[in-house]
Structures are given as C-alpha cells and as structure tokens.
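Coordinate inspection notes
Spelled out from the first residue to the last, the chains are:
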Amino acid sequence: MFKSTLLLLLLLLSVNAASAITDTISYARQRFTDENGLPQNSVKNIVPDKAGFIWLATENGMVRYEGGNHFRIFNKNELNIASSRISYILPGAGQYELSAQTEQQEMLGITKGKICLQDAEETNRATYSYLVLKPWVTDTLSVTGLPSAFEKIIQANIVFQFPLDTHSCFMVHQDSVKLMKDRKEMLSFRFRNTSPWRFFMLGAQLHYLDEQGRLMVFEGTQARSVALSGDILRHPGFNERRSTMKIYWNLPAQETFLYLDKVCYLLQALPDGSVNTLRVLHDFDFERNRILSVYYDAAQARIFLGSTTRGLFIFSRQPFHVLNGGGDQDDEVYYAQTGIAGNRLITAQGIVFDTSGPVAALPLLKEKSAGGDRFSIVTDRQNNIWYKAGDMLYKFN
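Residues numbered from 1 in each chain as written. Predicted model: local features only at pLDDT ≥ 70, side-chain atom pairs only at ≥ 80, totals over all residues. Heavy atoms only, no water.

Okay, the overall build of the protein next. A tally of helices and strands in the protein yields four helices and 36 strands. Within the protein, buried positions represent 48% of all 397 residues. For the protein, the share of sequence-separated contacts (at least 6 apart) that also reach a separation of at least 24 residues comes to 46%. Surface exposure of the protein reaches about 20300 Å², of which carbon and sulfur atoms provide 48%. (Helix = DSSP H or I, 4+ residues; strand = E, 2+ residues; numbered from the N terminus. Buried < 20%, exposed > 50% of the residue type's maximum accessible area, 1.4 Å probe, protein only. Contact = heavy atoms within 4.5 Å. Areas by Shrake-Rupley, 256 points an atom, 1.4 Å probe, with all protein chains shown as cover.)

Printed below as a string of structure tokens:
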C-alpha cells in the first residue's frame, strides 16, 4: 500500500468575525389560539404554580396549561362565578399560592394545581388583600404587572400602588414616593417622575427606568443609578436606542424583562447592586404581536408570551446550535470533523470552529479537500491531524 506523509506547517487564518459568527440560539415555536386550545385570544397574565402548571388569565376564564397541546379551562361553566373575564392574577393570598380576580371582583384561589372560588371571608383575610381592585376606589390603582391594560385609560394624577410584600407597598405619586406598611406611612421622599408606568419591583426593591433608558433603584430616601451588565451590552443599538427600551414586569412570577429591538432580556439582581441581563428571546416583534405578558421558565428554557389579540406563544430553546462556516451552500455539508486543542474542532474543509462559530482556517487542508474527498479526518494522541484525499494520506502537525 502506497503511503506518503507530508509534514505541513499549520497556519491558522482568522475569519472575519463580523461576517462569519451567526446567532447560535435557536427556538421551537408554538402558538395557541381559540382554534387549538384557548377559550379566547387575550392572555393577560402568565404565572406558574408549585405543582408545575402554567396559569393564564383570559377574557373567558382561567386556563391551566398542562404541557404539550393540553389546556384545562375554568370559567362560568366550571366555577360558580358571575363573570369569566379575569382582570389579573395576584401573588399568593392566605392559604392559596395564587389568586385571580374577575371583573365582578370575585376572587379565585389556586393551590396544588386546583382552582376554586374564595368566599368573602377568605378574600378579606388574603395576605395581598390591599391589591384587590375595588370599584368604589377611584383615586388609587394597584399595579400588578407591566405593561398594564390600564395605561391608556387611567390618568397619571392618581396614586399607584407597587407591592413590596404581603403587608407593604410603595405609593407612587407624580412627585413623591411613600412606603406603606399595614396602611401606615413608614417612609416618604420627593421624586418627580413623568410616568408611573416606568416603576417596577425587582427582588425586594423599587426600580425606575427613566426616559433616557437609565435604571435607578430606591434605597431609603435616595435614588441610585444602577449599572446594567450582561447580554444587553452586546446589543448593537443599545447605546443609541436604550431610551426605547420597554419594561415587562410579571409580579406573581417575580420576573422583570427589558425589550429592545425584537430582543427580550431577563433582569437579574446581583449581590454587588448591579443588574445582569440575560437574553431569553430574539427576533420576535412584541409590539406587532401585541404582547402584554411574559414568563420565562428557566428550568425548561422556555419563554411564554401572552398577546392581547393573538393568543399564547411558547418558544422553547433547542438543545443544539446550528453553526455555519460562512461559505457557499455546498461547502456547508460536513461529513467529517475531529477535535483539536482549545475545545475546538476542525472539519475536512479546513475550517476551525469553537462554540461561537468559525474562528480560523487551515489553508493547506482547505486546498487538499477542494478535490471533493471530505469523508475522513482524525486526530491522533500526539495531536497530529490525519487527512485522506483519494489515495494520499496527509499528516498535519
């Protein structure tokens, strides 16, 4: 058998990162409407319970999502309630993990995956009872999530409640903020703001996103600027377009998101006082799809989006990434590859990949593979790369 060993110098040429590195996060998308599981297409709130179910607040009842294509609907046909229109979902109240309020001020309790109608006494004992919307109270509004369905119909000169815990809340006015506990004033300070819809809770602290896209946190009577870190800093338009960022706050799920140019970021409060941003979805237009509610299931790497008119979207992160070499379509067919140092691999075409995409090229290997034999490549224990082209065997060190 004829053998020929050719020792060649391994020359790695950097590939233009701007053109070669592609977005490596891919998602499987599902959409549910009144045609395939939902009772109605307006999904106001999305909240998980401790039993593993996802609860949806709609205009035609509460919906329990059980996974796959399975939904269970709870409305006037299932519960003894006067109205099936759900206003919003609240955090755990009394013996319940979650509570939901109908437009007739009826309170529904959720625990262990089950839902029932609360009686008046239970509602009065509810630990978050101060958030329950009362039609006769017209000068105060409880904000239980953002965006709010009330944004376009409520005047900004009323008082807005932002819950801190079961007995405490922040009362936001146009020019001041108060901390209340058991309806008693604990703290008060001046803070002029242009919109109550820029306040939200992150962890146990009240935050504010100003018109320039700067984030602030309230500590005692002071407002301190907060540095953002993480994925959002890599957004190409962050510095120029940060003033257009939009807040999505899910009170009962205790999650807050920033949305910028079709990209959604989960906010994570860090011990040093800064806020990290984790990208959880990209290339999806929240405004065009009228997204009102967001929930991120970190354990399953899924994001749930509720629309005012288009139902429920579920994006599940794929357990694999597609990496392209940046060449012609015919060159993107890879029959053989082998691992090399630095957690990288090299293909029979001579392209070196790491987890982000192509990072370098081996010109001599690329030249030898141009003949079409791209079926065999292997690394030996001395880290030499062996490649077969026709009846020739090449060794690259």
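Take the sheet that holds strand β18 (residues 199-202) next. Pairing is antiparallel in the open sheet, where four strands are placed in the order β18-β19-β20-β21. Two strands bound the open sheet, and with one partner strand each, they are β18 and β21 (222-226). Averaged over all neighbouring strand pairs, the angle between strand axes comes to 35°, with direction disregarded. Of the strand pairs in this sheet, β18 and strand β19 (residues 205-209) are connected by four bridges, and their pairing is antiparallel. Considered in β19, the bridge of F199 is made with Y208. (Pairing = 2+ DSSP bridges. Axes fitted to C-alpha atoms, helices over the stretch in contact; angles between N-to-C directions.)

Burial within strand β24 (residues 255-260) is extensive, with six of its six residues counted as buried. Residues E255, F257 and Y259 of β24 are buried on one face, and the alternating residues T256, L258 and L260, pointing to the opposite face, are buried as well. The pairing of strand β23 (residues 246-250) with β24 spans five bridges and is antiparallel. Across the sheet, residue I247 finds its bridge partner in β24, namely L258.

Considering soluble globular proteins, one finds that nonpolar side chains tend to be buried as a cluster. Judged by nonpolar contacts, the single largest core of 38 residues is most densely connected at F162, F199 and W249. In contact with W249, not counting residues within four places along its chain, are V143, T144, G145, L146, F162, P163, F200, M201, E255 and T256. (Core = buried A, V, L, I, M, F, W, Y, C linked by side-chain atoms within 4.5 Å.)

This part takes up the sheet that holds strand β5 (residues 54-58). Strand order across the open sheet formed by four strands is β4-β5-β6-β7, with antiparallel pairing between neighbours. On the outer flanks of this sheet lie β4 (43-48) and β7 (71-74), each paired with one strand and no other. Mean inter-strand twist for the sheet, computed between neighbouring axes without regard to direction, equals 20°. In this structure, β4 lies alongside β5, joined through five bridges in antiparallel fashion. The residue bridging V47 from the neighbouring strand is W55, located in β5.

Another point: the side chain of N193. With respect to the secondary-structure elements, N193 resides in the loop between β17 (184-190) and β18. Judged by relative accessible area, which is 9%, N193 ranks as buried. Separated by 3.3 Å, the side chain of N193 and the backbone oxygen of F191 make a polar contact. Every residue in contact with N193, bar those within four places of it in the chain, is listed here: V172, H173, Q174, D175, F199 and Y208. (Polar contact = N/O pair within 3.5 Å; in protein donor to acceptor, adjacent residues only side chain to side chain.)

Read these as geometric descriptors, not functional statements.
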